[in-house]
Structures are given as structure tokens and as C-alpha cells.
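# A structural walkthrough
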Amino acid sequence: MTNEKMEQGLAAALKKTAPDDVNGVLSRCEERKGTVIPMTTKKTANRKWTSLIAACLAVMLLGGGGVFYQRANAVASVVSLDVNPSIELKVNRSEKVLVCTPLNEDAKAILADMSNGADLKGAKLDVAVNAIVGSLVRNGYLDSISSAIMISVEDKDTARAEKLQRELTSTVDGVLQTSEAKAAVLTQTLTQDAGREQQARENNISTGKAALVNHVLALNSALKFDALAKLSVEELKDLAEAGAPAMPIGKAAAAYAAEQYAGTAALDSVTAEVDSELDESPAHYEVELYTAWGEFEYLVDAYTGKVLSGQKDLLTTASTPNETTKPSDQKPDPSGTAQNIGYAKAKSIALNHAGVSENEAYDMDIELDNEDGILVYEVEFKSGNMEYDYEINAATGAILKHESELDD
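Here the structure is a predicted model, which is why all the values come from computation and not from measurement. (Residues numbered from 1 in each chain as written. Predicted model: local features only at pLDDT ≥ 70, side-chain atom pairs only at ≥ 80, totals over all residues. Heavy atoms only, no water.)

## Some remarks on the overall build of the chain
Scanning the chain from terminus to terminus reveals 13 helices and 13 strands. Among the 408 residues that make up the chain, the fraction classed as buried is 42%. At a minimum sequence separation of 6, the contacts of the chain that also span at least 24 residues come to 47%. A total of about 22,400 Å² of accessible surface is found on the chain, and carbon and sulfur atoms cover 51% of it. (Helix = DSSP H or I, 4+ residues; strand = E, 2+ residues; numbered from the N terminus. Buried < 20%, exposed > 50% of the residue type's maximum accessible area, 1.4 Å probe, protein only. Contact = heavy atoms within 4.5 Å. Areas by Shrake-Rupley, 256 points an atom, 1.4 Å probe, with all protein chains shown as cover.)

This is the structure:
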């Protein structure tokens, strides 16, 4: 409440509550022996009593209004949402958002259409979280089965923290199910810790993520807090599950290693999608490169950066572009690289072998991949209650492998 509004409310209250009844008040005063009651005119007495009552009422209104204002704007809980974007929400006892803060550059992009978080001020916490998670889904942070989002609730009141944790988990699960996102949801409740808050501020992360980093450090004290803070929640989770044996190279370094190996680092048209598999043996990153020749998968060692598998030197050894850039009945190209039957032909070969017409097939997925130095089309689709999986030689059209099973 602003000072101006408070003054207006006070004036209105005074007008209604200050009585013009000085004679009545005086008549109720008890005479005291030896005491002289100075007499005044009605106008003077009126003014004195009105001033006295107004002063008392002002104290009551200001005191009550101040307490109400403080309670409405006091931070009761701090909620953080972490993927790689880290976003912090401070809420009051009524679960209304007091402030929403993006803690890193990725978070600013997530909150860009919400005025950097300002639009969420005053919103109910579940509504704000719904909007944030929806933006994370739209920006591709939660579409991988190995991705994870962490919800952290910091509160002095343990019972209230656990209640918020349950409510927010349900909210996030609902958004993920509606959008068919595959991410895991991690949750934790925290008590206030000055040291952890300082670590969070110094590294531009939430206190929730700082707690996860400290959990990893407890497994391997040789690691560095600032380096771990740059990892995603997904990587930190996997690293903790693996016992934190060493410091991983990170997603950006893995993508660069794959592009260097593929010879596409200088091409702006190539994009990469990276998933961490730090809890597998050997620990690695899965890197999908999206190129004009199709999609290529690379496995990169999580600790050394060595490329474990994938097609090398795509510019000189990869086949011709996919069906969107060249017809499927293309001739061998002049450079002497292998002929590519194209996406459409690969799909036709798989459907004909399965005895399924194109209008009976659904959930069709076709990818060009490298298997032990041979380019193959991986064709997956469903029909009726069956699921089909084919590997087809990209140069000859030969079916290298095929499976079919009941779709569960």
C-alpha cells in the first residue's frame, strides 16, 4: 500500500469514526474535588477531541496496515527451478509470487516473453511454475528422456516446504504429461544456509542447484564448485549416480568434439543435440548432428573428449543430401561417394517388406545413421497393434536387420 493510498484511507475512516459529540463526552466526565476543569467553547473542545481521536485512530490504522503490508510482502519460501536455466521465485505465505529472477543467460531466454519474470509478480505460484515449465518445454530443454528438471523449496517451516514440494511436483508432472515431454522430475527441500546462498550468488545459480553441486563434491572433493556449477541438472544427477569419478567435459565440449571429428565445425548449417550418459559405462555424451546429409550420431567419451563412434569427415565421405534436397532416384554423384537411395525409397522398402500400406502406418521415424562405417536408414513405424524396426543399407537398399513386436 502506498503512502498516498494509506492517507486517503485514513481520512475516510476519520470522517466516519470521529464523533461531533463533545458535550456528551464532557457530561460523562466525573467531577473531581479540588480539580478545576478549564472551560472552552464548543468549537475549541470539538477541535481538541477530534485531534485526539484522530491521533489514536491513526496509530491503530498505521500499525495494522503496516503489519498487513509486512506480512503480504514477507518472503516465506524460495522456490527454484533448474535444468540448465536456473530460475528463482520468492513467494509469501499465500503462495503469491513476490519476485521472479532469472539467474543465468539461458533463464533470461526462458522468461523473455514474461518481461524477464516481471509479469509473474503477484501470480499464484502454481500458475507461475506452469508458465515457466511450458516455456522450458517449448525451448527444447525437457524433450529428451535423459533430461531432468529439479524443483527446490527452501523454507524455515518444514511442513510448508514439503507441502509446496508435493504441489509443485504435481504441477510440473501435469505440464510434462500434457506436452508429452519425457524429462525426469527431481525434488528437494532445503533449510536456509548462509554459506550455500553465497555460493549460489557467486556462481549465478540457485540455492537448490548449489545444494546438488555440494552433494557431488561430497563424493569427490577434488572437483571444483565453479566448474560443476556450469553443468546441467541432468549431468549433475548422472555424475552423482556414478560416484563422481572425475570432471566431465560438458555438453558444449562434447558437441565441438563431434563436429571436429565430422569435419563440420565451420558449417553454420549443422546443429547439435547433446544428451549426457554419465551413469553408463563407459561414461559418454550422445551427440546428434543435423546436417544436409541427414542425422548422424556420435558417442564422445565424457572425460577425455575422444570420439568413440560416428561417421568421420562428412564433407568427403558422407552420401548425398536427403529427399528434401534431392530426388530419391538420384544417380551416383560425381565425387564418387556412394549412392543414397533416399528417405522415400527406404520407407517404401520397409513398408513393402512388412506388408503395410503407407496409409496404415503411423508414428513413422526415419533417420540416416552410421553403423560400423556403413550408412544405414533406421526406419521405425507402427501399424495396428504392431511396431516395426528396420535397418536398410543407404547405398544398396538391402535390409540389414528387421524386427517386429506387439506395441505395448
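## Remarks on a negative patch on the surface
Side chains of Asp365, Glu380, Asp389, Glu403 and Glu405 sit close together on the surface and give a patch of like negative charge. Its location among the elements puts Glu405 in strand β13 (residues 399–406). (Patch = residues over 30% accessible without salt bridge, like charges linked within 9 Å, V, L, I, M, F, W, Y side chains within 5 Å. Salt bridge = Lys/Arg side-chain N within 4 Å of Asp/Glu carboxyl O. Lys, Arg positive; Asp, Glu negative; His and termini not counted. Charge placed at Lys NZ, Arg CZ, Asp CG, Glu CD.)

## Considering the environment of Ile349
Inspection of the secondary structure puts Ile349 in helix α13 (residues 343–354). Looking at Ile349, the relative accessible area reads 17%, which means it is buried. Separated by 30 residues in the primary sequence, Ile349 and Val379 place their C-alpha atoms 9.7 Å from one another. Among all residues touching Ile349, those that are not within four sequence positions of it are Ile341, Ile392, Gly397 and Ile399.

## Quick word on the packing of helix α5 (residues 125–138) against helix α6 (residues 158–178)
At a minimum axis separation of 9 Å, α5 and α6 run at an interaxial angle of 40°. The angle between the axes of α5 and α6 places the two elements in the oblique class. Helix-helix and strand crossings are classified by hand; for α5 and α6 the assignment is right-handed. Here Leu125, Asp126, Val129, Asn130, Val133, Gly134 and Val137 of α5 lie close against α6, whose contacting residues are Leu164, Leu168, Thr171, Val172, Val175 and Leu176. (Axes fitted to C-alpha atoms, helices over the stretch in contact; angles between N-to-C directions. Parallel < 35°, antiparallel > 145°, perpendicular 65-115°, else oblique. Left-handed = near helix turned anticlockwise from the far one by under 90°.)

## Some details on the sheet that holds strand β6 (residues 271–277)
The strand order across the open sheet built from four strands is β6-β7-β8-β9, with neighbouring strands paired in antiparallel fashion. Because the sheet does not close on itself, it has two edges, and the strands there are β6 and β9 (307–309). Mean inter-strand twist for the sheet, computed between neighbouring axes without regard to direction, equals 30°. Relative to strand β8 (residues 294–301), strand β7 (residues 284–291) is paired through eight bridges, and the arrangement is antiparallel. When the bridges of β8 are listed, Glu288 appears paired with Glu297. In the packing of helix α11 (residues 251–262) onto the sheet, contacts are made with β6, β7, β8 and β9, and the angle to β7 comes to roughly 55°. (Pairing = 2+ DSSP bridges.)

## Brief notes about unusual backbone geometry
Between Ser281 and Pro282 the backbone carries a cis peptide bond, its omega angle lying at -5°. The topology assignment puts Pro282 in the loop between β6 and β7. Despite not being glycine, Asp363 shows a phi value in the positive range, around 55°.

## Topic: the pattern of salt bridges
Within the structure shown, the criterion is met by 10 salt bridges. Its salt-bridge partner being Lys163, residue Glu95 comes within 3.0 Å of it at the nearest N-O pair. Of the two residues, Glu95 sits in the loop between β2 (86–91) and β3 (97–102) while Lys163 sits in helix α6, which places them 68 residues apart along the sequence. Here Glu95 falls in the buried class, since its relative accessible area comes to 18%. Measuring nitrogen to oxygen at the nearest pair gives 2.7 Å for the salt bridge that ties Lys163 to Glu167. Of this pair, Lys163 and Glu167 both sit in helix α6, four residues apart, which is roughly one turn of that helix.

## Things to note about the side chain of Asn220
Tracing the backbone through its elements, the reader meets Asn220 in the loop between α8 (207–219) and α9 (225–229). Residue classification places Asn220 among the buried positions, given a relative accessible area of 15%. Those residues in contact with Asn220 that sit more than four places away from it in its chain are Ala244, Pro245 and Ala246.

## Thoughts on the nonpolar core
In terms of nonpolar packing, the biggest core is built from 56 residues, with Leu228, Tyr298, Tyr377, Val379, Phe381 and Ile392 touching the most fellow members. Among residues more than four places away in sequence, those in contact with Phe381 are Ala350, Leu351, Ala354, Val356, Ala361, Tyr362, Asp363, Met364, Met386, Glu387, Tyr388 and Tyr390. Val83, Ile110, Ile132 and Leu136 belong to the second largest nonpolar core, which has 32 residues in total. (Core = buried A, V, L, I, M, F, W, Y, C linked by side-chain atoms within 4.5 Å.)

## Focus on the packing of aromatic side chains
Going through the model one piece at a time under the given rule, you end up with four aromatic pairs. Centre to centre, the rings of Phe381 and Tyr388 are 5.0 Å apart; their planes meet at 20°, and the pair counts as stacked. Accessibility expressed as a relative area gives 1% for Phe381, which makes it buried. The class for Tyr388 is buried, based on a relative accessible area of 14%. By the ring-pair criterion, three or more aromatic residues cluster together here, those being Phe381, Tyr388 and Tyr390. (Phe/Tyr/Trp six-rings, centres within 6.5 Å; stacked < 30°, edge-to-face > 60°.)

## Observations concerning the confidence of the model for the chain
Within the chain, residue pLDDT values average 80, and 76% of them lie at 70 or more. Model confidence for the chain, summarised as mean pLDDT per element, is weakest for helix α2 (residues 22–27) at 47 and strongest for α9 at 95. Across residues 28–42, confidence stays below pLDDT 50; counting only partners more than four residues off in sequence or on other chains, it has five contacts. Confidence drops under pLDDT 50 across residues 319–338; counting only partners more than four residues distant or on other chains, this segment forms 30 contacts. (pLDDT = per-residue confidence, 0-100.)

## Here's the deal with the packing of α8 against helix α10 (residues 233–241)
In the contact formed by α8 and α10, the axes pass within 10 Å of each other and the chain directions differ by 30°. Comparing the axis directions of α8 and α10 gives the class roughly parallel. The two elements α8 and α10 meet at a crossing, and its hand is left-handed. On α10, the residues touching Lys209, Leu212, Val213, His215, Val216 and Leu219 of α8 are Val233, Leu236, Leu239 and Ala240. Grouping the constituent residues of the contact of α8 with α10 by class yields eight nonpolar, one polar and one charged. (Nonpolar A, V, L, I, M, F, W, Y, C, P; charged D, E, K, R; others polar.)

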